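Read off the chains here:
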Protein chains: 4
Amino acid sequence: MLSFESDYIEGAHEQILKRLLETNMEQLSGYGTDCYCERAKEKIKAACKCPDADIYFLTGGTQTNQIIIDAMLAPYEGVIAAVTGHISVHEAGAVEYTGHKVLELPQYEGKIHAEDLEAFLRNFWQDANHEHMVFPGMVYLSHPTEYGTLYSRTELENISCICRSHQIPLYLDGARLGYGLMSLHTDVTLPLIAECCDVFYIGGTKVGALCGEAVVFTRHNTPKHFTTCIKQHGALLAKGRLLGIQFDTLFTDNLYFRISRHAIDMAELMKKGLYEKGCTFYLESPTNQQFILMEDTEIERLRKHVAFSFWEKPDDSHTIVRFATSWATKKEDIVSLMEIL
Amino acid sequence: MLSFESDYIEGAHEQILKRLLETNMEQLSGYGTDCYCERAKEKIKAACKCPDADIYFLTGGTQTNQIIIDAMLAPYEGVIAAVTGHISVHEAGAVEYTGHKVLELPQYEGKIHAEDLEAFLRNFWQDANHEHMVFPGMVYLSHPTEYGTLYSRTELENISCICRSHQIPLYLDGARLGYGLMSLHTDVTLPLIAECCDVFYIGGTKVGALCGEAVVFTRHNTPKHFTTCIKQHGALLAKGRLLGIQFDTLFTDNLYFRISRHAIDMAELMKKGLYEKGCTFYLESPTNQQFILMEDTEIERLRKHVAFSFWEKPDDSHTIVRFATSWATKKEDIVSLMEIL
Amino acid sequence: MLSFESDYIEGAHEQILKRLLETNMEQLSGYGTDCYCERAKEKIKAACKCPDADIYFLTGGTQTNQIIIDAMLAPYEGVIAAVTGHISVHEAGAVEYTGHKVLELPQYEGKIHAEDLEAFLRNFWQDANHEHMVFPGMVYLSHPTEYGTLYSRTELENISCICRSHQIPLYLDGARLGYGLMSLHTDVTLPLIAECCDVFYIGGTKVGALCGEAVVFTRHNTPKHFTTCIKQHGALLAKGRLLGIQFDTLFTDNLYFRISRHAIDMAELMKKGLYEKGCTFYLESPTNQQFILMEDTEIERLRKHVAFSFWEKPDDSHTIVRFATSWATKKEDIVSLMEIL
Amino acid sequence: MLSFESDYIEGAHEQILKRLLETNMEQLSGYGTDCYCERAKEKIKAACKCPDADIYFLTGGTQTNQIIIDAMLAPYEGVIAAVTGHISVHEAGAVEYTGHKVLELPQYEGKIHAEDLEAFLRNFWQDANHEHMVFPGMVYLSHPTEYGTLYSRTELENISCICRSHQIPLYLDGARLGYGLMSLHTDVTLPLIAECCDVFYIGGTKVGALCGEAVVFTRHNTPKHFTTCIKQHGALLAKGRLLGIQFDTLFTDNLYFRISRHAIDMAELMKKGLYEKGCTFYLESPTNQQFILMEDTEIERLRKHVAFSFWEKPDDSHTIVRFATSWATKKEDIVSLMEIL
């Protein structure tokens, strides 16, 4: 059966498995102190054009969000996010588990607006009662968002500017960052993200790795004793090489960008086909996730042949569903999908 | 200067101080095991017409909310509350500090609607992804709400019914419960609350006590080892008598209800005067807190003579302010307020 | 029945109740911002000869330990304490509840030794693996200890010196501080404690107050947004006056010291009598708690007439019991005790 | 350079990499719901002879300890462990981070004694004050221990029996379980462990996997909504296949046991050589970790040629060091080590 269910249904890019095999019997020190982690860090710094970056590797997205947010916030601070942000809805309360509130802003196709952020911060500080409230201590963006949308360069710069004027860090969740950077409809680059954000992560799990996310603190602003903090959260991998080798491979010869671009090409092909079939797009997504509004009867028919994800139920007879491409999507599968439709 | 700033600007009802003096040199066992705590519990059970109640005393409202919510939720559960609920906004993240998310519903003059609650719960369980979300584990109401409004008997019964059908406890924050029960515009009684809720608290701090709230678990449903839980939260008073004697006094000869009624009488007098002065009420409050929309210039003039609270700023030239009466409000102060206005 | 069960079996010193009555109907602002809190702070600063002190009032000892330790430690840090320290054993895990480990040192009659502390710290930093361990972030002393014993000036200075050389704060739990300061066998003064410690608290609950502990940060080193932190822990009293008035009274005309001295006088009288009766002292305590080793048969007889506390069971036929005096102990009760013995 | 530094310096057993390659492009559902996870679970159940087992896969040992302990304890409970237990010392306070105290017992070559456990539990329940203490809620054993030692069948059964009579679960940390089971000096089998314990984990990271531990709840006693709990701790791997395929491979054709046995054979060879060289063993270890007491001058010489771990410093001129074998140790490396010595 065809599947466009998500961007993590296959294993890893073959180049990664090849490198894991080649290096397998090398004896390396543990906990991320090996040479492959070092090389990967240097290559990521170069790709970010950010010589002041500190880089760490973690295994998954929720883990990364939880640890970064907890490590960077003071106990009395919360993190500002869109009401649809991954940390707000789909991480089982991982942020609250660490004692911090997610302070929710309205969302517009998954994004927050700079004006809402500015108003929220101004209102907080003007509130005579703010000592009894959760202090805003960080802004969280996902890019691409949970709806596949992207911040523009101007939007990102405006939000960054507000964060700096209020002296709170800006954090960007890049679980699908490759697909955002390689979109045909973006003016945001990796160095721009490094410039605008205090910390962000480059997603590996959904972009060709078996697991792994690369955290980038952009100005030697790693929280004190961060390795101990990772250990305390149960997230320090003994064989750190597993993450180092994967990111070293992804950032060699632009592999990360090339495979991301492939997913975008496949998504554009799929979009074109879906338009031609007269599908109703829930919103215009410039990345690898496409959200389609479908009649439930049509969905019933389709799911016998194709796997995809259920998103929301706007009314009793329709559903919004998601079709995702990835680094592993084959052109012939797009063609087959169109035939089925 | 006159003050209507809050309902906790004076000390305690004189009867309470008298009893503290009379019993002062009695040698009593600690941690809430003394005879006055026992007597207070019996009297509260009788007032609630709830023989199956278990009762505990704590010192303040945020502490009570934090401990009850934390003790009754499973780690993967959050508490549903109005977006304006005290736990959502004005407790500095005390609930999140214990690891639980506040799941926010829309508010209507401070209240939640049964339909929104029902829809929220239905959507949660229907969501294919709900294993990745915070489970709804409790419903929190404040009664009176933060805006002085009250649930009707029907509203309370409907919400209670939804909670039972979804098998989640209903918790009512009664920081100002006396003022709600003695309102001229309510059909909700203390026994009804005991019947509808799994747990609630009867506020003392704002209704005549120096400090203290009485927690009522309505059907012998106290969480296991709850005293240890209180101790673990740093909330077990060594001289538990301080709380026992106060609640014993408040629930002797209906003192709690009589002084609450006095506050309501004063509020009604104030409301009448404010209407006559042509004041704009932000909403219709049937309890001791009155919210008035005022021009900022008028506020400037007034605050030289009267203390009151700032609530919200709807626009650049107006402010919503709060005038509160209490058990201690004197009739002549209401008269003076009217003269100043 | 006679009772020497603890130092918190009576209410408050009459002078405190008198002041609560006198000030009862004054309208004061909430949350510790009233004039009595201010006055109490000034008087405590003077008593400590510590003009750089910041002072806060909390309701109980476990609450105070929990909040101070949590607010001063980094997330990856723990607090060093004697294995018999109150936080190690008798606070239901209140410190661990906030995410921090209690790092236990051996105890000698309730005290830790400077050499053990120095060795512990040196070993930690020398351990190649210390990034995988809990960092020592504070030293906790109780003075008097849980066994009624006292640190000498030299001991306190040595421990303080080690803390400073390792740049970790020294915290002293003074739940019974008055009884320590007024002991006939001490060279430790309140200003010395202020000099040696980074933070400590002056216990009220066990020294004549209804409730209340005064936290002293000795060099304007209050953690950032500490009031919000108190609120977040559910510990911010709405009627802060209750604490302010009590400590204002205790620190007027040396009341705190005078009533503490009374308890010591009563303890010395009791000690003399117990020696004369041939009692076996478990250890030599210079404060208001006396620990006696008794045969179980003797205990059975005695408890019909006198209340006291059970401490430990060293063997099958003996028990260590505690007799405590307090600010409220009457001379005739000591005489009666001797007659019963 | 030769290395006996740890049992996680190489990648994964080649059979595992082979299977990862073979299955790489299969499209599988995420979060541990794939067929390889299912197969691995069935094979583990069979190996444990435990049809009532529920099995989950996590990535690392500290993560596993943290999640199991947090999920199985009530908030007021702590976990009993040897003072040298991994959770007590070398997990950066990961257990305390989740709010639970580690209740430490004395250790004897890394093990706890049943008598100490029994006495601890009896004392707790007899203590009149136990409501103010952390309740014992679980017993944690490591097997092999941190010193390579093993519980005997009788020891394990006795501890299990005490746990059951006190109705607290027994948890066994099997980070190096394979090496324990394949020891030449053990009467403990995998089915026995499943019988004695309520929950345990079979370590993969140190026994041939890239990462991964298999948690076994032995009697359908998985905590409610455990997947959500894993997600909340940031530990739910999107590509659960990574863990499923590895454990499926390890439990096919006894691979886990065969490679563990190889490590034991290498350890026995090394032990024999070390004895012949006159080395002083710090203790008698029947598993893959050997602890040797060496003069510091000898260590200086040796470390130029061989990597090993520093353990403890018993005095100024000696050090205890650890030599570890693993599934990947080559016989010729043992021979080379002997030549160097």
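Further up the page is the structure itself.
Residues numbered from 1 in each chain as written. Chains lettered and ligands numbered in written order. Predicted model: local features only at pLDDT ≥ 70, side-chain atom pairs only at ≥ 80, totals over all residues. Heavy atoms only, no water.

1. Section: the overall build of chain A
Then, in step 1: Counting its secondary structure elements, chain A contains 14 helices and 13 strands.
Then, in step 2: Computed over its C-alpha atoms, the radius of gyration of chain A comes to 20 Å, within 12% of the 20 Å expected for a compact globule of 341 residues.
Then, in step 3: When its C-alpha atoms are laid out on the principal axes, chain A stretches across 60 × 55 × 35 Å.
Then, in step 4: Relative to its 341 residues, chain A shows a buried fraction of 65%.
Then, in step 5: Intrachain contacts of chain A at a sequence separation of at least 6 include 72% that bridge at least 24 residues.
Then, in step 6: For chain A, the exposed area adds up to about 11,800 Å²; of that, 50% sits on carbon and sulfur atoms.
Then, in step 7: When the 31 positive and 46 negative side-chain charges of chain A are each reduced to one mean point, those points stand 6 Å apart. (Helix = DSSP H or I, 4+ residues; strand = E, 2+ residues; numbered from the N terminus. Rg over C-alpha atoms; globule rule 2.2 N^0.38 Å. Buried < 20%, exposed > 50% of the residue type's maximum accessible area, 1.4 Å probe, protein only. Contact = heavy atoms within 4.5 Å. Areas by Shrake-Rupley, 256 points an atom, 1.4 Å probe, with all protein chains shown as cover. Lys, Arg positive; Asp, Glu negative; His and termini not counted. Charge placed at Lys NZ, Arg CZ, Asp CG, Glu CD.)

2. Let's talk about the sheet that holds strand 5 (residues 135-142) of chain B
All names here are of chain B.
Then, in step 1: Across the sheet, which stays open at both edges, the 7 strands sit in the order 2-8-7-6-5-3-4 with mixed pairing between neighbours. The open sheet is flanked by strand 2 (54-58) and strand 4 (102-105), the only strands paired with a single partner. Averaged over neighbouring strand pairs, the angle between their axes works out to 25° when direction is ignored.
Then, in step 2: Alignment of strand 5 against strand 6 (residues 170-174), held across 4 bridges, turns out to be parallel. Bridge pairing links Tyr 140 to Tyr 171 in strand 6.
Then, in step 3: Relative to the sheet, helix 11 (residues 241-250) contacts strand 2, strand 7 (199-203) and strand 8 (213-217), its axis offset from that of strand 2 by approximately 115°. (Pairing = 2+ DSSP bridges. Axes fitted to C-alpha atoms, helices over the stretch in contact; angles between N-to-C directions.)

3. Considering the interface of chain D and chain B
Then, in step 1: Each partner contributes to the interface: chain D provides 15 residues, whereas chain B provides 15 residues.
Then, in step 2: Approximately 1,500 Å² of surface area, both sides summed, lies buried where chain D meets chain B, with 58% of it carried by carbon and sulfur atoms.
Then, in step 3: When the buried surface of chain D facing chain B is broken down by residue, Tyr 76, His 132 and Thr 228 of chain D rank first, second and third, together holding 38% of it.
Then, in step 4: In this assembly, chain D and chain B are joined by 0 salt bridges.
Then, in step 5: Counting across the interface, chain D meets chain B through 4 residue pairs in polar contact (both at pLDDT 80 or more).
Then, in step 6: A per-class count over the side of chain D that touches chain B returns 6 nonpolar, 6 polar and 3 charged. (Buried area = accessible area lost by both parts, 1.4 Å probe. Salt bridge = Lys/Arg side-chain N within 4 Å of Asp/Glu carboxyl O. Polar contact = N/O pair within 3.5 Å; in protein donor to acceptor, adjacent residues only side chain to side chain. Nonpolar A, V, L, I, M, F, W, Y, C, P; charged D, E, K, R; others polar.)

4. Some thoughts on the interface of chain C and chain B
Then, in step 1: Facing the 47 residues of chain C at the interface are 47 residues of chain B.
Then, in step 2: Both sides together, the interface formed by chain C and chain B hides about 4,100 Å², and carbon and sulfur atoms give 57% of it.
Then, in step 3: Area buried by chain C at its contact with chain B is led by Gln 27, Tyr 97 and Lys 239 of chain C, which between them contribute 18% of it.
Then, in step 4: Among the elements of the structure, strand 1 (2-3), helix 1 (14-22), helix 3 (61-72), helix 5 (94-97), helix 10 (226-232) and helix 11 (241-250) of chain C are those that each provide at least two residues to the side of chain C that touches chain B.
Then, in step 5: If you tally residues by element for the side of chain C that touches chain B, the top one is helix 3 of chain C, at 4 residues.

5. Remarks on the side chain of Asp 333 of chain D
Residue and element names in this part refer to chain D.
Then, in step 1: Mapping Asp 333 onto the fold places it in helix 14 (residues 331-340).
Then, in step 2: In this structure Asp 333 is buried but unpaired, with Lys 330 as the nearest side chain of opposite charge at 4.5 Å.
Then, in step 3: Residues in contact with Asp 333, not counting those within four places in the same chain, are Leu 2 and Phe 4.

6. A look at helix 14 (residues 331-340) of chain B
Then, in step 1: For helix 14 of chain B, the complete set of buried residues consists of Asp 333, Ile 334, Leu 337 and Met 338 of chain B. Seen along its axis, helix 14 of chain B keeps its buried residues to an arc of 140°; they face one direction. (Arc of directions from axis to C-beta.)

7. Topic: the sheet that holds strand 7 (residues 199-203) of chain A
All names here are of chain A.
Then, in step 1: Strand order in the open sheet made by the 7 strands is 2-8-7-6-5-3-4, with mixed pairing throughout. The two strands at the open ends of the sheet, each matched to only one other strand, are strand 2 (54-58) and strand 4 (102-105). This sheet shows a mean twist of 25° between the axes of neighbouring strands, independent of strand direction.
Then, in step 2: Pairing of strand 3 (residues 77-82) with strand 4, which is carried by 4 bridges, proceeds in the parallel orientation. Residue pairing in the sheet places Val 79 in a bridge with Val 102 of strand 4.

8. Regarding the relation of the copies chain D and chain B
Then, in step 1: It takes a turn of 180° to lay chain D on chain B, together with a shift of 0.0 Å along the axis; the resulting RMSD is 0.0 Å. Expressed as a symmetry operation, the mapping of one chain copy onto the other fits a two-fold axis.
Then, in step 2: Of all interface residues in chain D, 100% are interface residues in chain B too; the two copies therefore contact each other through one and the same surface. (Least-squares fit on C-alpha atoms with pLDDT ≥ 70 in both.)

9. Some words on the environment of Thr 186 of chain C
All names here are of chain C.
Then, in step 1: With respect to the helices and strands, Thr 186 occurs in the loop between helix 8 (177-181) and helix 9 (190-196).
Then, in step 2: Residue classification places Thr 186 among the partly exposed residues on the basis of a relative accessible area of 25%.
Then, in step 3: In contact with Thr 186, other than residues within four places in its own chain, are Leu 150, Gly 180 and Leu 181.

10. Notes on the pairing of strand 6 (residues 170-174) of chain A
Regular strands show a simple pattern: their side chains alternate between the two faces of the sheet.
Residues and elements named next belong to chain A.
Then, in step 1: Counting buried residues in strand 6 gives 5 out of 5 residues, a clear majority hidden from the surface.
Then, in step 2: Neither face of strand 6 is exposed, since Leu 170, Leu 172 and Gly 174 on one face and Tyr 171 and Asp 173 on the opposite face are all buried.
Then, in step 3: The parallel pair strand 5 (residues 135-142) and strand 6 is bridged by helix 7 (residues 153-165), and the resulting crossover is right-handed.
Then, in step 4: For strand 6 and strand 7, the ladder comprises 4 bridges, and the chain directions are parallel. Each residue of the ladder has a partner; that of Gly 174, found in strand 7, is Ile 202. (Right-handed = clockwise from strand over helix to strand, strands pointing away.)

11. Observations regarding the packing of helix 1 (residues 14-22) of chain B against helix 11 of chain B
Residue and element names in this part refer to chain B.
Then, in step 1: Viewed as axis vectors pointing N to C, helix 1 and helix 11 meet at an angle of 130°, and their least axial separation amounts to 9 Å. When the interaxial angle is binned, helix 1 and helix 11 end up oblique. When the axes of helix 1 and helix 11 are compared, the crossing they make is right-handed. Facing Gln 15, Ile 16, Arg 19 and Leu 20 of helix 1, the residues of helix 11 in contact are Leu 242, Ile 245, Gln 246, Thr 249 and Leu 250. (Parallel < 35°, antiparallel > 145°, perpendicular 65-115°, else oblique. Left-handed = near helix turned anticlockwise from the far one by under 90°.)

12. A short note on the packing of aromatic side chains
Aromatic ring pairs are defined here through the distance separating the ring centres and the angle between the ring planes.
Then, in step 1: All chains considered together, the criterion is met by 84 aromatic pairs over all chains.
Then, in step 2: Centre to centre, the rings of Phe 4 of chain A and Phe 323 of chain A are 6.5 Å apart; their planes meet at 55°, and the pair counts as tilted. Here Phe 323 of chain A lies in strand 13 (residues 318-324) and Phe 4 of chain A lies in the loop between strand 1 (2-3) and helix 1 (14-22), a separation of 319 residues in the sequence. Accessibility assignment for this pair places Phe 4 of chain A and Phe 323 of chain A in one class, buried.
Then, in step 3: Summarising the aromatic geometry, the rings of Phe 124 of chain A and Trp 125 of chain A are spaced 5.0 Å apart at their centres and angled 90° between planes, so their arrangement reads as edge-to-face.
Then, in step 4: Residue Phe 124 of chain A is classed as buried on the basis of its relative accessible area, which comes to 4%.
Then, in step 5: Here the aromatic residues Phe 57, Phe 247, Phe 251, Tyr 256 and Phe 257 of chain A are joined through ring pairs into a cluster of three or more.
Then, in step 6: A cation sits over an aromatic face here: Lys 111 of chain B above Tyr 151 of chain B, 5.5 Å from the ring centre. (Phe/Tyr/Trp six-rings, centres within 6.5 Å; stacked < 30°, edge-to-face > 60°. Lys NZ or Arg CZ within 6 Å of the ring centre and 35° of its normal.)

Take it as geometry only, folks, not as evidence of what the structure does.
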